[in-house]
Amino acid sequence: MRRQLASAGPGVKVESAGWKTIDSTGLVSAQVSFVFTEVDAVSGRTLFYKGTAHEWKFHTKQERGIDGGWKVCRVDAPPICGTHIRC
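Since we're looking at a predicted model, the values are computed, not measured.

S.K.: Quick one: what's the story with the overall build of the chain, residue by residue and with numbers?
M.R.: Counting secondary structure elements, the chain contains 1 helix and 5 strands. Mapped in sequence order, the helices and strands of the chain form the string α-β-β-β-β-β. With the C-alpha coordinates aligned to their principal axes, the bounding extent of the chain is approximately 55 × 30 × 25 Å. Here the chain holds 87 residues, and the buried ones make up 22% of them. Relative to all contacts within the chain whose residues are 6 or more apart in sequence, the contacts with residues 24 or more apart total 37%.

What follows is the structure in structure tokens.
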């Protein structure tokens, strides 16, 4: 994923919203979108382009220990190329 996003150029930020639990096994989902930042060579203005959000599913596991917390074991996401960016 990092290699595919690097081909889109610098200034890529990942945003997520709408986190929800799908079932009791640790499956959660979120709407994920990318925001691309570009500096216009002529005007010097910073331009922001936000892509369409798509659902990503995260398979998580609660960790034991002092901090507890959650660990992402697997991500089911739509392909980066053709969904979020043109490759």
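Moving on from the model shown.
S.K.: Account for the pairing of strand S4 (residues 54-62), naming residues and giving values.
M.R.: Relative to S4, strand S2 (residues 27-39) is paired through 6 bridges, and the arrangement is antiparallel. Bridged to Ser29 within S4 is Lys57. Strand direction decides the pairing type here: S4 and strand S5 (residues 70-76), joined by 6 bridges, are antiparallel. Bridging across to S5, Lys61 finds its partner in Lys71.

S.K.: Outline the environment of His59, listing residues and values.
M.R.: Within the element layout of this structure, His59 appears in strand S4. Taking the C-alpha atoms as reference, His59 lies 6.6 Å from Val28; in sequence the two are 31 residues apart. Apart from the residues within four sequence positions on either side, His59 is in contact with Gly26, Leu27, Lys71, Val72, Cys73, Arg74 and Asp76.

S.K.: Hey, could you go over the nonpolar core for me, with residue numbers and the actual values?
M.R.: One finds Leu5, Val28, Ala30, Val32, Phe34, Phe36, Trp56, Phe58, Ile80 and Ile85 forming the largest nonpolar core, which totals 10 residues. Mapped onto this core, the elements with two or more residues apiece are S2 and S4. Examining the composition of this core, we find that 5 residues originate from one element, S2, more than from any other. In contact with Ile80, not counting residues within four places along its chain, are Met1, Gln4, Leu5, Phe34, Trp56 and Ile85.

Criteria and cut-off values
- Residues numbered from 1 in each chain as written.
- Predicted model: local features only at pLDDT ≥ 70, side-chain atom pairs only at ≥ 80, totals over all residues.
- Heavy atoms only, no water.
- Helix = DSSP H or I, 4+ residues; strand = E, 2+ residues; numbered from the N terminus.
- Buried < 20%, exposed > 50% of the residue type's maximum accessible area, 1.4 Å probe, protein only.
- Contact = heavy atoms within 4.5 Å.
- Pairing = 2+ DSSP bridges.
- Core = buried A, V, L, I, M, F, W, Y, C linked by side-chain atoms within 4.5 Å.

Remember that the coordinates give geometry; whether it matters functionally is a separate question.
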